[in-house]
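The primary structure of each chain is shown beneath.
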Amino acid sequence: MGLLVLPLTRNSSLSFVLGVSWEKSLAAHRLLCWLLLAIVLVHQFSFWGVYVDNNCWPADIAPFPASEYDPSNWSIPLIVIVSWTVVLGAGILALARLIFRTPGV
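The structure presented is a predicted model; accordingly, all values stated were derived computationally and were not measured.

Draft legend 1. Spotlight on the overall build of the chain. When its secondary structure is counted, the chain shows 3 helices and 0 strands. Reading the helices (α) and strands (β) of the chain from amino to carboxyl end gives α-α-α. On the chain, roughly 9,100 Å² of surface is accessible, and the fraction owed to carbon and sulfur atoms is 72%.

Here it is in structure tokens:
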């Protein structure tokens, strides 16, 4: 994940040292992004396989036992709501960018 920020700026010292243009480093940045996404998804689905093998799907998928947390603890529902809002919002914005992209831009 740290490699994603290397080609971020137009005047990157890394681009200068390697003799790579900003456009090529941007292409590398996008490639690294897709690779990271693929690795994260493989990791996630592999871990779901561990849950299935241990016969604890989906009871133990949450980081806390849902039946044992104190209902007066307002932080857990808040974290869940914020997390899902960020994940879904980022996904919707990414899809909108792909769908409504102007050719040649």
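Draft legend 2. Quick look at the packing of aromatic side chains. This structure, assessed with the given rule, holds 1 aromatic pair. Between Phe45 and Trp48, the aromatic rings sit 5.3 Å apart at their centres with planes inclined by 70°, giving edge-to-face as the arrangement. Here Phe45 and its partner Trp48 are both found in helix 2 (residues 22–53), 3 residues apart, which amounts to about one turn of the helix. Since its relative accessible area comes to 47%, Phe45 is described here as partly exposed.

Conventions used here
Residues numbered from 1 in each chain as written. Predicted model: local features only at pLDDT ≥ 70, side-chain atom pairs only at ≥ 80, totals over all residues. Heavy atoms only, no water. Helix = DSSP H or I, 4+ residues; strand = E, 2+ residues; numbered from the N terminus. Areas by Shrake-Rupley, 256 points an atom, 1.4 Å probe, with all protein chains shown as cover. Phe/Tyr/Trp six-rings, centres within 6.5 Å; stacked < 30°, edge-to-face > 60°. Buried < 20%, exposed > 50% of the residue type's maximum accessible area, 1.4 Å probe, protein only.

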